[in-house]
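Each chain is listed here by its residues.
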Amino acid sequence: MRFFLILMFIGITSPIEAQEEDDNYITIHGVVRDKQSRKLLEYVNVSVPGTNIGTITNSDGEFSLKIKESITARHVEISHIGYMNSLIAINGKDLSDITVWMNPNTNLLEEIVIRAGNPRTIVEEAMKKVGDNYSPNSNLFTGFYRETAQKGRRYINISEAIIDIYKTPYKERNVERDRVQIYKGRKLLSQKANDTLIVKLLGGPNLSVYVDIVKNPDLLLEPATLPHYTFKMEESVMLNDRLHYVISFTPAAILPYALYYGKLYIDRERLSFSQAEFSLSMDDRNKATEAVLRKKPFGLRFRPLEVSFLVTYKERDGISYLSYIRNEVRFRCDWKRKLFGTNYTILSEMVVTDAKKTDTTIPYRESFRANQSLSDKVADFYDDEFWGAYNIIEPTESLQSAVNKLKKQQH
């Protein structure tokens, strides 16, 4: 699971089954706000009930969802931790610049008496129920992946792709046969010579495989790993109109490798993991460096500052599916003969926009592998209709501004 700060694209372009891009569709576009504080809400789940179609709001609270007319959807559902679900009525026509007001459901929580047991025991019980709570079938997800690199506050790389994600049944809790394939993508790179710093780090489109904490026990949820952490019960929250335990965890041992700290959100009734927020411990910078750095130029000093993850799952008909992954890596680089270093931020995010059951895997020769760099078909940010009917994560205002600046460098 790697990416380059400066990416070179290679050709992996054949999807298992390409989406019909000429299908007629409607578009729902708007922002999501807290009804009480009026603040914009980021990373809010936006989906069509009863289907696999969905996306997520960006850090500006903005979203755009494309829905095929053939689906004849009646509503779009909005859900977020700590809020009551909200529905948008649609009538087969585009909706533009709407505002969705979400109501916090703290009052509901006050009426609920929560009797929780030992937090580690709850985590262990949830791990035992993975085979029941997550897909028993092989699935092919369609996802949108975006990766940006910033040097200080200035964007030096923006890369995006539509990806296919093949996942075997969750009861196996094994990711060896899970694969990712790049279908369509584009990039913009800074043309400035001093922006061509090459660093190979943890990350890339294979985040969809390796950071799926429920399916990949090696990352966090492994029975042998739990004794290395201290678990604590936090205040419960509502998600998808369901009560959730919130269990925090911190390292409780010193090991040869870095551990994590964070929070797990577990459905109280189903005992399913709905969300995980976690970060790599920086108590020992050398261990943290070993965890994320794969390759750097000779003479370059690398100092990790933050490695954080957000992983969410969406429940549908009693089964939970991977929904969204966000990874932020902040680090500082300097050359031994230079007085001042430079801060970099790599942000990667993937949202599942559609899914189907399948018995057909992604051929290995067409899959994205750890020793490869992100690929695309045509690096063309000038086509406003580049994504066609595919759903994406709407770019923020700052990202759109960066795209315009990088475009000007191309001339």
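Residues numbered from 1 in each chain as written. Predicted model: local features only at pLDDT ≥ 70, side-chain atom pairs only at ≥ 80, totals over all residues. Heavy atoms only, no water.

Novice: Whenever I open this one, the overall build of the protein confuses me. Can you help?
Specialist: Check the secondary structure of the protein and you find six helices and 20 strands. Relative to its 411 residues, the protein shows a buried fraction of 56%. Considering only residue pairs separated by 6 or more positions, the protein has 69% of its internal contacts joining residues 24 or more positions apart. For the protein, the exposed surface amounts to about 19100 Å²; the carbon and sulfur share of it is 46%. (Helix = DSSP H or I, 4+ residues; strand = E, 2+ residues; numbered from the N terminus. Buried < 20%, exposed > 50% of the residue type's maximum accessible area, 1.4 Å probe, protein only. Contact = heavy atoms within 4.5 Å. Areas by Shrake-Rupley, 256 points an atom, 1.4 Å probe, with all protein chains shown as cover.)

Novice: Would you mind showing me how to read the confidence of the model for the protein here?
Specialist: Caution applies to low-pLDDT regions: their predicted coordinates should not be interpreted in detail. Model confidence for the protein is summarised by a mean pLDDT of 87, while 88% of its residues fall at 70 or above. Model confidence for the protein, summarised as mean pLDDT per element, is weakest for strand 1 (residues 2–4) at 36 and strongest for strand 16 (residues 273–280) at 98. Counting interchain partners and residues more than four positions distant, the pLDDT-below-50 stretch residues 1–17 has 86 contacts. (pLDDT = per-residue confidence, 0-100.)

Novice: How should I be thinking about the pairing of strand 14 (residues 242–251) in this particular structure?
Specialist: Where a strand is regular, its side chains alternate between the two sheet faces. Burial within strand 14 is extensive, with seven of its 10 residues counted as buried. Relative to strand 14, strand 13 (residues 229–239) is paired through nine bridges, and the arrangement is antiparallel. Residue pairing across strands places Leu 239 opposite Arg 242, the latter belonging to strand 14. (Pairing = 2+ DSSP bridges.)

Novice: So what exactly am I meant to see when it comes to the pairing of strand 20 (residues 342–357) here?
Specialist: Across 13 bridges, the pairing between strand 9 (residues 139–151) and strand 20 is antiparallel. When the bridges of strand 20 are listed, Gln 150 appears paired with Thr 345. Summarising the sheet, strand 19 (residues 319–335) and strand 20 pair through 10 bridges and their orientation is antiparallel. Bridging from a neighbouring strand, Val 329 pairs with Ile 346 of strand 20.

Novice: In this structure, what is going on with helix 5 (residues 285–292)? I would like to understand it.
Specialist: Three- or four-residue spacings in an α-helix give side chains the same orientation, since the helix completes a turn every 3.6 residues. Restricting attention to buried positions, one finds in helix 5 the residues Lys 287, Ala 288, Thr 289 and Val 292. Looking at the buried residues of helix 5, the elements they touch are strand 12 (200–202), strand 16, strand 17 (293–295) and strand 18 (300–316). In this structure Asp 284 caps helix 5, since a side-chain oxygen of it lies 3.0 Å from the backbone nitrogen of Asn 286. (Polar contact = N/O pair within 3.5 Å; in protein donor to acceptor, adjacent residues only side chain to side chain.)

Novice: Got a minute to help me understand the pattern of salt bridges in this structure?
Specialist: Applying the stated rule across the entire model yields 14 salt bridges. Two residues, Asp 334 and Arg 301, come together in a salt bridge whose shortest N-O distance is 2.7 Å. Here the residue Asp 334 occupies a position in strand 19, and Arg 301 occupies one in strand 18, the gap between them amounting to 33 residues. Exposure remark for Arg 301: the relative accessible area of 40% places this residue in the partly exposed category. (Salt bridge = Lys/Arg side-chain N within 4 Å of Asp/Glu carboxyl O.)

Novice: Explanation requested: the sheet that holds strand 2 (residues 25–34) in the structure shown.
Specialist: Hydrogen bonding along the main chain pairs the strands of a sheet, whether they run parallel or antiparallel. Sheet architecture is open: three strands sit in the order 5-2-8, paired in mixed fashion. The open sheet has two edge strands, strand 5 (62–68) and strand 8 (95–102), and neither has a second partner. Across this sheet, the average inter-strand angle for adjacent strands is 30°, counted without regard to direction. By the bridge criterion, seven bridges tie strand 2 to strand 5 in an arrangement that is antiparallel. If you follow Val 31 over to strand 5, its bridge partner there is Glu 62. (Axes fitted to C-alpha atoms, helices over the stretch in contact; angles between N-to-C directions.)

Novice: Before we go on, may I ask you to explain the packing of aromatic side chains in this structure?
Specialist: To describe a pair of aromatic rings, one takes the distance between the centres and the angle between the planes. Counted according to the given criterion, the structure contains 15 aromatic pairs. Seen from their ring centres, Tyr 134 and Tyr 170 are 5.5 Å apart, and the 20° between their planes marks the pair as stacked. Of the two residues, Tyr 134 sits in the loop between helix 3 (130–133) and strand 9 while Tyr 170 sits in the loop between strand 10 (154–167) and strand 11 (179–189), which places them 36 residues apart along the sequence. Summarising the aromatic geometry, the rings of Tyr 134 and Tyr 313 are spaced 5.7 Å apart at their centres and angled 80° between planes, so their arrangement reads as edge-to-face. Of this pair, Tyr 134 sits in the loop between helix 3 and strand 9 while Tyr 313 is found in strand 18, placing the two residues 179 residues apart along the sequence. For the pair shown, Tyr 134 and Tyr 313 are each scored as buried. One aromatic cluster is present, built from ring pairs that chain together Tyr 134, Tyr 170 and Tyr 313. One cation-aromatic arrangement involves Arg 316 over Tyr 321; the distance from NZ or CZ to the ring centre is 4.2 Å. (Phe/Tyr/Trp six-rings, centres within 6.5 Å; stacked < 30°, edge-to-face > 60°. Lys NZ or Arg CZ within 6 Å of the ring centre and 35° of its normal.)

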